[in-house]
Amino acid sequence: MKEKYLAIGEELDQDEYFICDYKVKSDLSIETAGSRIAEEESTGTWTRPTTLTEDIYKKYGGKVVMAEGNMVRIGFPVVDFSGDIGGVPQILSIIAGNLFGLDSLKKVRLHDIQIPSVITERYPGPKFGISGLRKLLDRPEKPLVGTIVKPKIGLPPKEFAEYVYQAGKGGLTNSKDDETLVDQDFCPLEERVSAVSEKLDLLEEEGHMMIHAHNVSTSGHEILDAADIALENGARQLMVDVLTVGFSGVQALAEDPSIDVPVHVHRAMHGALTKDPEHGISMPVICKLVRMIGGDSFHIGTYGTGKMHANISEELRSKEALIGDMHGIVRTIPVSSGGLHPGHMTDLMEKSGNDVQIQAGGGVSGHPDGVRAGAAAMIQAVDAAYEGISLDEYAKTHEELKKALERWS
Ligand code: 3PG
């Protein structure tokens, strides 16, 4: 029997189809494997329903237009995504839903997507993005440089805020809560935001502009209340974990008109989806969705320089997904974070370019002379890489950088 859902070689109108590329491992032929995905995710199931008319199949069926090697390209008609209710959960249920569990596929990875403008137009995109953040921080060209307050958990609000202050005195423009800190008894959100806001105001009075991303990752029905608590206490930026909370959490913050601060998006748990090169969902796909729904900054990795698993070609595609053209949507700043220290800056910035927010937690707080010196060393390393001067050369006249390089050589 000829497989349905095959339209190999057909040119898809990019305004009419949501186009997805999948990498597939299966004992089936690649055409049949593709057909199984298109069937499961559009009008079919494991058998041909008697209720599936030719008209329904033609209007709503996914189309496999390419099946070569281990890759298939499938276009899902935009009408499959229509309606006012559904959002990203509904998009994911189609492009990344049951297909991962199909027994006939040993592995499958959603490699890339092209979202038609008729869908991106329903979302606001970032309120600030790269240019908004640069303006806010008065840092027009160089990378934004930040820290994650360490230890991850345990500091009480006053000491936490003092860390942020010292980081600002060292020259950092950004800092953030760690992904595991939200509202614990030892550092409640309200007290923490209030203490940090006092220090950020003080830094501003002293001539230095800095923002701190406060983590409001919580249950769906609580996230806007958590954001309110943070904003009422002076928060200049909010942070949310897109995978543990869900895309709808980011969207709730980004779309709320009363939230007039940037939304920093973390990716805790991403490795469960992204680490296996043959299975799961690639980071560039997640990046495109985060940008569409309004993340102002988003973690994409450190190009092999830090502590997290790296797939450099995917990280370069993630960068492009956030800053390349996407139906005119405002550009999201890529965040490089995880195991970074000043010694990484030349290698990192060769790949990241200047449109990046670089963050170091241990690489600031682990400096032998403390947080302020650690922050200064990070800024010096970024300045050196920006000027094209070797770190060793720059360190000859910059004591903090010299000590950092000795510490982490
Ligand atoms: C992050 O939020 O990216 C990590 O907590 C980074 O911390 P590190 O710089 O100490 O690895």
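So, here's what we can say about the structure. Source: prediction; values computed, not measured. (Residues numbered from 1 in each chain as written. Predicted model: local features only at pLDDT ≥ 70, side-chain atom pairs only at ≥ 80, totals over all residues. Heavy atoms only, no water.)

### Some points on the site of the ligand
No. 1: Taken together, 15 residues sit near the ligand, with Asp-178, Ser-337, Gly-339, Gly-361 and Gly-362 positioned nearest.
No. 2: At 2.8 Å from an oxygen atom of the ligand is found a side-chain nitrogen or oxygen belonging to Asp-178.
No. 3: A distance of 2.5 Å separates an oxygen atom of the ligand from a polar side-chain atom of Ser-337. (Near = heavy atom within 4 Å. Polar contact = N/O pair within 3.5 Å; in protein donor to acceptor, adjacent residues only side chain to side chain.)

### Points about helix H10 (residues 247-255)
No. 1: Taken as a whole, H10 has its buried residues at Phe-247, Gly-249, Val-250, Gln-251, Leu-253 and Ala-254.
No. 2: Contacts from the buried residues of H10 go to helix H3 (87-95), helix H8 (223-232), strand E8 (237-241), helix H9 (242-245), strand E9 (263-266) and helix H12 (283-293). (Buried < 20%, exposed > 50% of the residue type's maximum accessible area, 1.4 Å probe, protein only. Helix = DSSP H or I, 4+ residues; strand = E, 2+ residues; numbered from the N terminus. Contact = heavy atoms within 4.5 Å.)

### Focus on the pattern of salt bridges
Two side chains with opposite charge may pair up if their charged atoms get near one another.
No. 1: One pass over the structure, following the stated rule, counts 25 salt bridges.
No. 2: The partner of Lys-63 in a salt bridge is Glu-10, and the shortest N-O contact between them spans 2.7 Å. Placement of the pair is Lys-63 in strand E2 (residues 63-68) and Glu-10 in the segment before strand E1 (17-25), with a sequence separation of 53 residues.
No. 3: A cluster of three or more residues bridged by salt bridges with shared partners is formed by Arg-109, Asp-112, Lys-288, Glu-314 and Arg-317. (Salt bridge = Lys/Arg side-chain N within 4 Å of Asp/Glu carboxyl O.)

### Things to note about the sheet that holds E2
No. 1: With mixed pairing, the five strands of this open sheet are ordered in space as E2-E3-E1-E4-E10. The outermost strands of the open sheet, each flanked by one partner alone, are E2 and strand E10 (280-281).
No. 2: In the sheet, E1 pairs with strand E4 (residues 107-114) via seven bridges, with the strands oriented antiparallel. Bridged to Tyr-22 within E4 is Leu-110.
No. 3: In this fold H3 packs onto E1, strand E3 (71-77) and E4, with an angle of close to 45 degrees to the strand it touches most, E1. (Pairing = 2+ DSSP bridges. Axes fitted to C-alpha atoms, helices over the stretch in contact; angles between N-to-C directions.)

### What about the pairing of strand E7 (residues 211-215)?
No. 1: The buried count for E7 comes to five of five residues, which makes it a mostly enclosed element.
No. 2: On E7, burial covers both faces: Ile-211, Ala-213 and Asn-215 on one face and His-212 and His-214 on the other are all buried.
No. 3: When strand E6 (residues 174-176) meets E7, the two strands line up parallel, connected through three bridges. Residue pairing in the sheet places Asn-174 in a bridge with Ile-211 of E7.
No. 4: Tracing the backbone out of E6, into helix H7 (residues 189-205) and back to the parallel element E7 gives a crossover that is right-handed.
No. 5: Pairing between E7 and E8: three bridges, direction parallel. Bridging across to E8, Asn-215 finds its partner in Met-239.
No. 6: In the classification by handedness, the crossover that spans E7, the intervening H8 and the parallel E8 is right-handed. (Right-handed = clockwise from strand over helix to strand, strands pointing away.)

### A few points about the nonpolar core
Considering soluble globular proteins, one finds that nonpolar side chains tend to be buried as a cluster.
No. 1: Grouped together as the largest cluster of nonpolar side chains are 112 residues, with contacts concentrated most on Tyr-22, Ile-95, Met-292 and Phe-298.
No. 2: For this core, the domains that each give at least three residues are domain 1 (2-120) and domain 2 (129-408).
No. 3: For Met-292, the residues in contact, after removing those within four places along its chain, are Val-88, Ile-91, Ile-115, Ile-119, Thr-120, Tyr-123, Pro-124, Gly-125, Met-326 and Ile-329.
No. 4: In this structure, Ala-7, Tyr-17, Ile-19 and Val-65 belong to the second largest nonpolar core, which totals five residues. (Core = buried A, V, L, I, M, F, W, Y, C linked by side-chain atoms within 4.5 Å. Domains from an automatic or database assignment.)

### As for H8
No. 1: Restricting attention to buried positions, one finds in H8 the residues Ile-223, Ala-226, Ala-227 and Ala-230. Summarising the axial view, the buried residues of H8 lie within an arc of 100 degrees, below the 170-degree limit, and thus occupy one face.
No. 2: Taken together, the buried residues of H8 touch H7, E8, H9 and H10.
No. 3: Positive backbone phi, at 95 degrees, marks Gly-234, one or two positions downstream of H8. (Arc of directions from axis to C-beta.)

### Describing unusual backbone geometry
No. 1: With an omega of 0 degrees, the peptide bond between Lys-150 and Pro-151 qualifies as cis.
No. 2: Looking at where Pro-151 falls in the secondary structure, it is placed in the loop between strand E5 (144-148) and helix H6 (157-169).
No. 3: At Tyr-5, a position not held by glycine, the phi torsion is positive, near 70 degrees.
No. 4: Among the structural elements, Tyr-5 can be located in the segment before E1.
No. 5: A positive phi angle, close to 50 degrees, is found at His-327, a residue other than glycine.
No. 6: Of note, His-327 is situated in the loop between helix H13 (312-323) and strand E12 (333-337).

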